[in-house]
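Listed here are the chains, written in short residue letters.
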Amino acid sequence: MPAPLHHTGKESAMAKAVSHPLFARIYPRVNAFAEAHGSVEHRRELLAGVRGRVIEIGAGTGANFRHYPPEVAEVVAVEPEPRLRALAEQAVAGAAVPVRVLSGRAEELPVPDGSFDAAVISLVLCTLPDVPGSLAEAARVLKPGGELRFYEHVRSRKRSAFRRQRMLNPPWRLLCGGCNLTRDTERAIIEAGFAVDEIRRFDFLINDRSTPASPSIIGIARPPAAT
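Residues numbered from 1 in each chain as written. Predicted model: local features only at pLDDT ≥ 70, side-chain atom pairs only at ≥ 80, totals over all residues. Heavy atoms only, no water.

### Focus on the pairing of strand β4 (residues 116-122)
- Across the 7 residues of β4, 6 count as buried, placing the element largely inside the fold.
- Note: strand β1 (residues 52-57) against β4, 3 bridges, orientation parallel. From the neighbouring strand, E56 faces β4, where its bridge partner is V120.
- Two elements, β4 and strand β5 (residues 142-153), share 6 bridges in a ladder whose sense is parallel. (Buried < 20%, exposed > 50% of the residue type's maximum accessible area, 1.4 Å probe, protein only. Helix = DSSP H or I, 4+ residues; strand = E, 2+ residues; numbered from the N terminus. Pairing = 2+ DSSP bridges.)

Printed below as a string of structure tokens:
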């Protein structure tokens, strides 16, 4: 039987507070364009070998659902933005494994401690207002020996490219639902106590050209040991 889910009035109020109507209308087209140029392969790489019960934090439109391997028993997908969550609910029909979509925020996941074998975060940490709190929540809901799977665009390690990201960040955040170009997400994961087992750093090029969001990472990390 699936583990019971925790719902509170506070969680519901927080979830309802997240609304990015313009970005939610634009993002499905942006994602379709990215998938046509290689992000499908990135999602498959992210999810390869994952198994057991999985929580997907910030599921968006449910673009990952069809890429989960058969070893996954269930996905609990948490998404606070109502328009994106509605699209994720539609995507359940094409999912490769059982999926439940919930309203909730990364900073306060509506699920019990230690109830998942893996947590999946893809193209989400760039937008969250409280990255340390969100990563602490991911660690809380993972079983001992569980894993964090992450796929994110990050700040560039090249000085000139980082200057460009920093210059473009204010309008980018405004248009892209709070997305930050300048987050050092790898460092944030390590500072949250996770041990990075695997990581691949690369530039996601569109038609062989870079964009401000090209610098990317895909990896697996283990949560801090319980104390």
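### A few points about the nonpolar core
- Formed by 27 residues in total, the largest nonpolar core has its most connected members in I55, I57, L135, L148, I189 and F194.
- For this core, the elements supplying multiple residues, two or more each, are β1, β2 (72-78), β4, α4 (131-141), β5 and β7 (215-222).
- A total of 5 residues in this core trace back to one element, the largest contributor, which is α4.
- The contact partners of F194, leaving out residues within four places of it in the chain, are L135, A138, A139, L142, L148, I189, A221, R222, P223 and P224.
- Formed by 23 residues, the second largest nonpolar core is a distinct cluster that contains A59, V72, V75 and F204. (Core = buried A, V, L, I, M, F, W, Y, C linked by side-chain atoms within 4.5 Å. Contact = heavy atoms within 4.5 Å.)

### Quick look at the state of the cysteines
- This structure, assessed with the given rule, holds 0 disulfides.
- With no disulfide of its own, C126 has C179 as its nearest cysteine by sulfur position, at a separation of 3.6 Å. (Disulfide = S-S within 2.5 Å.)

### A word on the sheet that holds β4
- Taken in spatial order, the 7 strands of this open sheet run β3-β2-β1-β4-β5-β7-β6, and their pairing is mixed. Two strands lie at the open edges of the sheet, namely β3 (99-102) and β6 (195-203), each paired on one side alone. Each adjacent strand pair in this sheet contributes to an overall mean axis angle of 15 degrees, direction not counted.
- Docked against the sheet, α4 engages β1, β4 and β5, running at close to 145 degrees with respect to β5. (Axes fitted to C-alpha atoms, helices over the stretch in contact; angles between N-to-C directions.)

### A short note on unusual backbone geometry
- For L123, which is not glycine, the phi dihedral falls at a positive 55 degrees.
- Following the sequence through the fold, L123 ends up in the loop between β4 and α4.
- Residue L123 is classed as partly exposed on the basis of its relative accessible area, which comes to 28%.
- Phi is positive for N207, close to 55 degrees, though the residue is something other than glycine.
- Tracing the sequence through the fold places N207 in the loop between β6 and β7.

### Comments concerning the side chain of S39
- Its location among the elements puts S39 in helix α2 (residues 21-47).
- At 3.1 Å, the side chain of S39 and the backbone nitrogen of E35 are in polar contact.
- Dropping the residues within four chain positions of it, S39 is found in contact with N31, A34, Y151 and F204. (Polar contact = N/O pair within 3.5 Å; in protein donor to acceptor, adjacent residues only side chain to side chain.)

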